[in-house]
Amino acid sequence: MNPSVEALRRIATSPATIGTYALLVVPFALGWFETQLFSPLALPGYLLFSIGTAIGNALAPRFEFWIYWAPFLVGCFGIASAVGAGYEWWCGRRSA
Amino acid sequence: MRRRTILAAGGVVVGSVTAGLASRLPTAHRSLSAARRPGDAGEASTNAEPLLPGTDHETTLYEIDAPRDGPTAMVFGGVHGDERSGIVVARQVAEWRPDAGTLVVVPETNRVAVENGEREGVDGDLNRHFPADREPLTDLARGIWDAVERYDPDVVLDLHRSLGIRGLHREFVGQAVYHSPDARGEELAAALDDAVPWYLPFHRFAASETNLSGPLLFQKAARELGASAYLFETTEFLLDREARVELTRLAAAHVLDMHGLLDAEGER
Ligand SMILES: [Zn+2]
C-alpha cells in the first residue's frame, strides 16, 4: 500500500482519533436528545456547536439550527484527526 | 488496537450518561414550593371570567385572591401562540395559591393564535399593538388592555420563548429578562442562573432594561400604569420542552416571590 494512504488510514482508525471524536460528539448528542443528559463532558461539543451556529447565524440568518449538525460533525472529525495525527506521531517517535 | 478503540468510545458514553444523571437541573426552589402550597392564612378564592366574550378572541382570565392584602400581579401566556412553554406555565400559575395580594392570569392571551399554534393571530403580532400615547391597535389588544387597566397591576409578567440566544444569535432574544427600570430584572436573572448548569455557559440569563416607548404589552403597562414589568424569554436552542417549561415556571415563581405575593420563607 502507498505509505501516505497507510498513514492516513492509521490516523483515521487511531484510538486517539476515535476517542476524541466520541468525546466531542456523544456527550453533546445526549444533551441534544434530552437536556437533562447534558454533563460537563458535553462542554467541548456544546462550545463548538454554539459558536458554529453563532457564526452561521451571523452570515446567513435564515437557517434553522439543526442544519449545523453537518458542519459540526465534519469539524469534530477534523479536530479528532489532528489529535490522532499528533498521537500517532508521538507513538512513532517513542518506538523509533 | 480495535479493542482499545471500542473501549475508548464506550468509556465516553458511560462517563457522559453518569455525569448527566448526576447533575440534573435543581428543582427544589423555595419560591416554587411556596407557589404550590396553599397559604396558612386560609384558602385563596379563584374566579374565572371570559375576556372579549362572544368574539373570536374570547379567552379566560383567572383572578386568585389571597386571604392577605398585597400587590396585584398579572401573568400573561400565549401573547405569541406558538410559544408553548409560556402557555403551559401560565395554565399552571392559574392553579397556584398566592399568600398575599391578587394574582391575575391570562394563559391564552391571543387565543386564535394559540389554537392555530402560530406566533400571530388574525391581526398580526399582538405584542406590537400597544403603542405609546394611543389606544391599542386592534380589538384583541383593546380587550386585553381594558382588563389590565381594570386591575391596575403592580407587577406584570409576560412569558415568551425564542429560537436562539440573545448575544449569541443575531435577532434572537432567548435566555433574557427584559424589565422596566424599577423592576428587579438583575435579581430575577441571577435567580434563574441557579438552575442553569455551569457547563451550559451561553444559556445564562441576561437582564436588559427596556425602553418604555415601545409598543409591547409589558412596556405599556410600565409606562402608563407604573407597573414593575417583565418580559421573560427562554430559548428552544439546545433546550427541550421540559427544560423550557421548568425555567419559565421558575421565572413566574421568582417574580411573584420578589414582589411579595408568595411567602417563600414560610413566615411573614
Ligand atoms: Zn414571544
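For the structure itself, look to the data block above.
This write-up is about the structure you can find in this document.

What counts, and where the lines are drawn
- Residues numbered from 1 in each chain as written.
- Chains lettered and ligands numbered in written order.
- Predicted model: local features only at pLDDT ≥ 70, side-chain atom pairs only at ≥ 80, totals over all residues.
- Heavy atoms only, no water.
- Axes fitted to C-alpha atoms, helices over the stretch in contact; angles between N-to-C directions.
- Helix = DSSP H or I, 4+ residues; strand = E, 2+ residues; numbered from the N terminus.
- Parallel < 35°, antiparallel > 145°, perpendicular 65-115°, else oblique.
- Left-handed = near helix turned anticlockwise from the far one by under 90°.
- Contact = heavy atoms within 4.5 Å.
- Nonpolar A, V, L, I, M, F, W, Y, C, P; charged D, E, K, R; others polar.
- Phe/Tyr/Trp six-rings, centres within 6.5 Å; stacked < 30°, edge-to-face > 60°.
- Buried < 20%, exposed > 50% of the residue type's maximum accessible area, 1.4 Å probe, protein only.
- Core = buried A, V, L, I, M, F, W, Y, C linked by side-chain atoms within 4.5 Å.

The subject of this paragraph is the packing of helix H2 (residues 15-33) of chain A against helix H4 (residues 69-95) of chain A. Any two packed helices are characterised by how steeply their axes cross, that is the angle between the axes, and by the distance between the axes. Residues and elements named next belong to chain A. Between H2 and H4, the least distance of the axes is 6 Å, while the angle of their chain directions is 150 degrees. The pairing of H2 with H4 is recorded here as roughly antiparallel in orientation. Taken as a pair, H2 and H4 cross one another with a handedness that is right-handed. Packed against H2, whose contacting residues are Pro 15, Ala 16, Thr 17, Thr 20, Tyr 21, Leu 24, Val 25, Phe 28, Ala 29 and Trp 32, the element H4 presents Trp 69, Phe 72, Leu 73, Cys 76, Phe 77, Ile 79, Ala 80, Ser 81, Val 83, Gly 84, Tyr 87 and Glu 88 at the interface. In the contact of H2 with H4, the residues fall into 17 nonpolar, four polar and one charged.

Inspection of every chain in the model, using the stated rule, returns 19 aromatic pairs over all chains. For the pair Tyr46(A) and Phe202(B), a centre-to-centre distance of 5.8 Å together with 25 degrees between the ring planes defines the contact as stacked. One end of the pair, Tyr46(A), is in helix H3 (residues 43-59); the other, Phe202(B), is in the loop between helix H6 (185-193) and strand S7 (206-209), on a second chain. Assessed through its relative accessible area of 0%, Tyr46(A) is described here as buried. Pairing Phe65(A) with Tyr68(A) gives two aromatic rings, centres 6.3 Å apart and planes at 40 degrees, and the pair type is tilted. The two residues Phe65(A) and Tyr68(A) agree in class, both being buried. A network of ring pairs unites the aromatic residues Phe28(A), Trp32(A), Phe38(A), Tyr46(A), Phe49(A), Phe65(A), Tyr68(A), Trp69(A), Phe72(A), Phe172(B), Phe202(B) and Phe237(B) as a single cluster.

So, on to the nonpolar core. Most often, soluble globular proteins keep nonpolar side chains buried together rather than apart. All names here are of chain B. Ranked by size, the top nonpolar core spans 61 residues in total, and within it Trp 96, Leu 103, Tyr 230 and Phe 232 carry the most contacts. Among the elements that take part in this core, helix H8 (residues 241-258) stands out by supplying 10 residues, more than any other. With 28 residues, the next largest nonpolar core counts Leu 52, Phe 76, Leu 140 and Ile 144 among its residues.

It is worth stressing that arrangement in space is one thing and function is another; only the former is reported here.
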